Amino acid sequence: MSTSAMQTRITTLAGVLTLSVGLGAGCYDGVKGMGDQATDTATDDGNSDGGDDDDPIDAEPDTVPEPLAGRLTDTQYINTVQDLFGQPLTEQEVDWLPRDVPIEGSYSTSVETQFFNTQYVLGYAYIARSLSERLDPGALRTEFGGCDDASSACLEAFIDGLGLRVFRRPLTDDEQAQYLELAATIAGIDETTSDDVTRGVTQMMLQAPPFLYRMEAETDGEPGSVRRLSGWELATRLSYFLWLSAPDEELLAFAAGPDGDGDYDAAALPEQVERMLADARFSRTRHAFWGDYSLASVAAFGSVEPDLGEQLRESLLATFDRISGVGATALPLTALFDGNELVMTPQVAEIAGASSLGEGLQVYDVSQADERRGVLTHPAFLAAVGTTSFVGRGVFMTKRVLCQHTAPPPSDEDSAAEIEQTAQATEGMTPREASEFRFGLDPVCLSCHTQFEPIAYAFERYDMSGRYVSTDDEGRALFSDGVLPAFGDRPEIPFDSAPELLTELAARPELQDCLVENMMEYAAGARPSFAKEFLQVAQTAYQDDGQTFEALVRAIASNERLTLMRIVAQ
């Protein structure tokens, strides 16, 4: 039998058994080492009815969101494969991987916007086969099994070791038995070797739902109650939050706990968080969060040439990095709104009205510039969020920067007709004139527009490329003054310019609280709509820790919400 034919037969066997093994493993029935952690639940009165009596769960069930089984995003998948096997995907393998379609305004970690179709099934199968063919089987057995011989003990050790790393938890008894059955089936094919067995098992695990999805024991307990995560579940949440990848061996050792049963030592959690923050892989989360927060990760920068668009993206992310402490002392994140340093290339600096300091990325002091203050006036930020319209810029900033969540526009026929009529009536007006026209419309529309348009007034003089101008293309005067309405505890704030408004907002605790809410959404992959109590704790921790980027991440990574799950019915 040819090598190609043999490999195809092994792949088919792996695919058939993947379905039976993978789909039967989602609820952790029979997982070796789960211990009593999964039964540590809280009743509606907040008292624990299991687990450690010295560590009761005080959270009310409705403050903990129902769990969502998150598929690995394309970025998480690429990182995970590289970290597990020490080799990046090839260009061909990346082409086979279906790419996640970003939704403007959502974080790339969002589970709520994910979908799945047959292209994913085929892509994962192609990659699993290609990857297993080019990896060294002996090195795989040594790495994951600690041995490289033909004994049944070595095979079992390899299956257990690979399963722990790939599934991010120990295999269940049923899973182990089925992988051993697969191995025996492959070994029974004429002319197969132990290397073929290794490749077949590896292929199968890389196509299994417990690898492709971050699955938790969501039905293990009384529906509606709250339980603490097992160490394996917590380690997975932490690693995909802080590294966009799977847990490493040290994190899995923490997950196993002192007795190896998944009952982790909570006192050891801060040490793991600090270790992960210090690891080079943490740069992935920093880059991804700021890219999503500012839309730099998805912005087309359509009003400029492609090369300049990439310079805008690079400049903006480099500015976020500098504030975050990359190559410089980390600054409090108030610098997002009142900082005096922007990192730019010469072409981007020209848009900002600054004289070139030399080739490549340079740090520009904008403290003397009347029109620039903080990242929100960086040309790249304004170009990224301003590619739609004056209204779109206001909506984005209202939601992302102020955390004022507006209702979607009405979709009934009458409202749609009114929106179309308004668009026609305001065609040719300046942004300010069109806004004042909309403010005279039906109260239903007015209630939303008066919430998200006022902040856009401050940025009216910045064109779609982020350049500061005093007139539009037709020579009509533009303005930058306005009043930001009161909202919650925030008083009304009058302003004459964007820097003035941003300086006022930088002193408001609500903006820092909003950053915490954004980071919690990024970490959880869902809106933190049921987590007000946890948000308040995280906000306090962030404030007390110096308001740096690491303080922001640490406040979420150490928050109790990350350790809890609300049980759902089967």
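For the structure, see preceding data.
Residues numbered from 1 in each chain as written. Predicted model: local features only at pLDDT ≥ 70, side-chain atom pairs only at ≥ 80, totals over all residues. Heavy atoms only, no water.

Undergrad: Where do I start with the overall build of the protein in this structure?
TA: For the protein, the helix and strand inventory stands at 26 helices and 9 strands. Looking at the 570 residues of the protein, the share that counts as buried comes to 52%. When contacts within the protein are restricted to residue pairs at least 6 apart in sequence, those whose partners lie at least 24 apart make up 69%. (Helix = DSSP H or I, 4+ residues; strand = E, 2+ residues; numbered from the N terminus. Buried < 20%, exposed > 50% of the residue type's maximum accessible area, 1.4 Å probe, protein only. Contact = heavy atoms within 4.5 Å.)

Undergrad: Just to check I follow, could you spell out helix α23 (residues 498–506) for this structure?
TA: Residues lying three or four places apart along an α-helix face the same way, a consequence of the helix completing one turn every 3.6 residues. Residues of α23 that are buried include every one of Ala 498, Pro 499, Leu 501, Leu 502, Leu 505 and Ala 506, and no others. Summarising the axial view, the buried residues of α23 lie within an arc of 160 degrees, below the 170-degree limit, and thus occupy one face. You can read the cap of α23 off the contacts: a side-chain oxygen lies 3.3 Å from the backbone nitrogen of Glu 500, and it is on Ser 497. (Arc of directions from axis to C-beta. Polar contact = N/O pair within 3.5 Å; in protein donor to acceptor, adjacent residues only side chain to side chain.)

Undergrad: I tried to follow the pattern of salt bridges on my own but got confused; where do I start?
TA: Should the charged atoms of two oppositely charged side chains come close, the side chains can pair. Taken as a whole and assessed by the stated rule, the structure comprises 32 salt bridges. Among the salt bridges present, the one from Asp 195 reaches Arg 141, with a minimum N-O distance of 3.0 Å. Residue Asp 195 is located in helix α8 (residues 194–206), and its partner Arg 141 is located in helix α5 (residues 137–145); the two are separated by 54 residues in the primary sequence. For Asp 195, a relative accessible area of 26% translates into the label partly exposed. Several salt bridges share partner residues, and in doing so they unite Asp 248, Glu 250, Arg 275, Asp 279 and Arg 281 into one network. (Salt bridge = Lys/Arg side-chain N within 4 Å of Asp/Glu carboxyl O.)

Undergrad: Honestly, the packing of aromatic side chains in this entry has me stumped. Any pointers?
TA: In this description, an aromatic ring pair is defined by two values, namely the gap between the centres and the angle between the planes. All chains considered together, the criterion is met by 24 aromatic pairs. Centroid distance Phe 115 to Tyr 120: 5.9 Å. Interplanar angle 85 degrees. Geometry classified as edge-to-face. Given the relative accessible area of 40%, Phe 115 is considered partly exposed. The exposure class of Tyr 120 is buried, given its relative accessible area of 2%. Between the aromatic rings of Phe 289 and Trp 290, the centroid separation amounts to 5.1 Å while the plane-to-plane angle is 65 degrees, which identifies the pairing as edge-to-face. In this structure Trp 290 comes out as buried when scored by relative accessible area, which is 1%. Ring pairing ties together the aromatic residues Tyr 107, Phe 241, Phe 282, Phe 289, Trp 290, Tyr 293, Phe 320, Tyr 522 and Phe 549, which thus form one cluster. A cation over a ring is seen here: Arg 400 above Tyr 107, with NZ or CZ 4.6 Å from the ring centre. (Phe/Tyr/Trp six-rings, centres within 6.5 Å; stacked < 30°, edge-to-face > 60°. Lys NZ or Arg CZ within 6 Å of the ring centre and 35° of its normal.)

Undergrad: Can you help me understand the side chain of Ser 245 in this one?
TA: Within the secondary structure, Ser 245 is located in the loop between α10 (231–242) and α11 (249–256). The buried category is assigned to Ser 245, whose relative accessible area is 0%. Sequence-distant contacts of Ser 245, that is, excluding residues within four places in its chain, are made with Asn 79, Thr 80, Asp 83, Ser 239, Tyr 240 and Arg 284.

Undergrad: Would you mind showing me how to read the state of the cysteines here?
TA: Where two cysteines share a covalent bond between their sulfur atoms, that bond is called a disulfide. According to the stated counting rule, one finds 2 disulfides in the structure shown. Across the disulfide, Cys 147 is cross-linked to Cys 154 (sulfur-sulfur distance 2.2 Å). As the torsion about the S-S bond is roughly 105 degrees, the Cys 147-Cys 154 disulfide counts as right-handed. This pair shows no difference in class: Cys 147 is buried, exactly as Cys 154 is. (Disulfide = S-S within 2.5 Å.)

Undergrad: Hey, could you run me through a nonpolar patch on the surface in this one?
TA: Taken together, the side chains of Trp 96, Leu 122 and Tyr 126 define a hydrophobic patch exposed on the protein surface, amounting to about 280 Å² of accessible area. As for its placement among the helices and strands, Tyr 126 is situated in helix α4 (residues 118–134). Take Tyr 126: its relative accessible area is 43%, and that puts it in the partly exposed class. (Patch = residues over 30% accessible without salt bridge, like charges linked within 9 Å, V, L, I, M, F, W, Y side chains within 5 Å. Areas by Shrake-Rupley, 256 points an atom, 1.4 Å probe, with all protein chains shown as cover.)

Undergrad: I would appreciate a short explanation of α4 in the present structure.
TA: Here α4 is 17 residues long and its end C-alpha atoms lie 25 Å apart, about the 24 Å a rise of 1.5 Å per residue gives. Residues of α4 that are buried in the fold lie against β2 (70–71), α2 (74–85), α3 (91–96), α8 and α9 (209–212). For α4, the N-terminal cap is Asn 117; the gap from its side-chain oxygen to the backbone nitrogen of Gln 119 is 3.0 Å. (Expected span 1.5 Å × (residues − 1).)

Undergrad: It is not clear to me how the packing of helix α12 (residues 269–278) against helix α26 (residues 549–557) should be interpreted in this structure. Could you clarify?
TA: Geometrically, a packed helix pair is captured by the angle between its two axes and the distance between the axes. Two elements in contact, α12 and α26, have axes separated by 11 Å at closest approach and are oriented at 140 degrees. Where α12 crosses over α26, the two elements pack in a sense that is right-handed. Residues Val 273, Glu 274 and Leu 277 of α12 touch α26, and the partners they reach there are Glu 550, Val 553, Arg 554 and Ala 557. Considering only residue class, the contact of α12 with α26 consists of 4 nonpolar, no polar and 3 charged. (Axes fitted to C-alpha atoms, helices over the stretch in contact; angles between N-to-C directions. Left-handed = near helix turned anticlockwise from the far one by under 90°. Nonpolar A, V, L, I, M, F, W, Y, C, P; charged D, E, K, R; others polar.)

Undergrad: I keep staring at the environment of Thr 109 and nothing clicks. Help me out?
TA: With respect to the helices and strands, Thr 109 occurs in the loop between α3 and α4. For Thr 109, a relative accessible area of 7% corresponds to the buried category. In this structure the side chain of Thr 109 is engaged in a polar contact, spanning 2.7 Å, whose partner is the backbone oxygen of Tyr 522.

Undergrad: Sorry, what's going on with the packing of α10 against α26 here?
TA: It is the contact of α10 with α26, at a shortest axis distance of 11 Å, that shows an interaxial angle of 160 degrees. When the axis of α10 is compared with that of α26, the two are roughly antiparallel. By crossing handedness, the relation of α10 to α26 is classed as right-handed. Along the contact surface, α10 presents Leu 238, Phe 241 and Leu 242, while α26 presents Val 553, Ile 556 and Ala 557. (Parallel < 35°, antiparallel > 145°, perpendicular 65-115°, else oblique.)

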